[in-house]
Amino acid sequence: MSEWKDISTAPKDGTWIQARIPGYGSDNIIAWRGWYVTDEDDEVCAWTFMTEQEPPDCWTDGVCWKVNEDGKASVQPTHWMPLPPPPAPKGEG
């Protein structure tokens with residue numbers, strides 16, 4: 001079983017991960033979407049919800065912002081772990 005790791009070590013290649021977000025539990029499925037960040041715009045932290053989960057209110061459109069459209073800082077994820085592999089199809093494994 002995987003151990004929780006500091007979010008600073010999370011993959012930033014679009015891999016979906018499970019994340020802890022303070023006040024929002026530890027079953028959040030997010031991925032780094034670096035193309036949101038440009039040289040002119042550093043307001044996005046680039047973590048994005050990848051499933052139909054309800055993101056924190058401070059994440060605008062499911063995206064973690066340094067400061068959201070209401071002028072509030074988004075709650076940053078603190079820890080991550082890899083997602084478990086999907087179950088094998090019936091009759092295999």
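Throughout this document, residue positions are counted from 1 along each chain, in the order its sequence is written. In view of the model being predicted, local features appear only for residues whose pLDDT reaches at least 70, and side-chain atom pairs are presented and counted only at 80 or more, with totals across whole chains, interfaces and linings using the full set of residues. Hydrogens and waters are ignored; side-chain quantities use all the structure's heavy atoms.

Colleague: Would you mind showing me how to read the pairing of strand β6 (residues 79-82) here?
Modeller: Looking along a regular strand, one sees side chains alternate from face to face of the sheet. As paired elements, strand β1 (residues 5-6) and β6 share two bridges and run antiparallel to each other. Paired with Lys 5 across the bridge in β6 is Trp 80. Two strands pair when backbone bridges link them, and strand β2 (residues 17-20) and β6 are joined in this way by four bridges, in the antiparallel orientation. Note that in β6 the partner of Ile 17 across the bridge is Pro 82. Any two strands between which DSSP finds at least two bridges are classified as paired. Helix and strand assignments come from DSSP, with helices taken as H or I runs of at least 4 residues and strands as E runs of at least 2, each series counted from the N terminus.

Colleague: Can you help me understand the environment of Trp 80 in this one?
Modeller: Here Trp 80 lies in strand β6. When the C-alpha positions of Trp 80 and Ile 30 are compared, they lie 9.4 Å apart, and in sequence the two are 50 residues distant. Should any heavy atoms of two residues lie within 4.5 Å, those residues are counted as being in contact. Not counting residues within four places of it along the chain, the set of residues in contact with Trp 80 comprises Glu 3, Trp 4, Lys 5, Asp 6, Ile 7, Thr 9, Ala 10, Pro 11, Ile 17, Gln 18 and Ala 19. Polar contacts, as used here, are pairs of N or O atoms within 3.5 Å; protein pairs need one atom able to donate a hydrogen and one able to accept it. Residues neighboring in sequence count only if both atoms are side-chain atoms. In this structure the side chain of Trp 80 is engaged in a polar contact, spanning 3.3 Å, whose partner is the backbone oxygen of Asp 6.

Colleague: Is there a simple way to think about the nonpolar core in this case?
Modeller: The nonpolar side chains of a soluble globular protein tend to be buried, and buried together. Counting 15 residues, the largest nonpolar core has Ile 7, Ala 10, Ile 17, Ile 30, Trp 47 and Trp 59 as the members making the most contacts within it. Broken down by secondary-structure element, the contributors of at least two residues to this core are β2, β3 (28-32) and β4 (44-49). No other element matches β4, which puts four residues into this core. In this text, buried Ala, Val, Leu, Ile, Met, Phe, Trp, Tyr and Cys residues form a nonpolar core when linked through side-chain atoms within 4.5 Å. When accessible area is computed with a 1.4 Å probe and restricted to protein chains, residues below 20% of their type maximum are described as buried, those above 50% as exposed, and intermediate ones as partly exposed.

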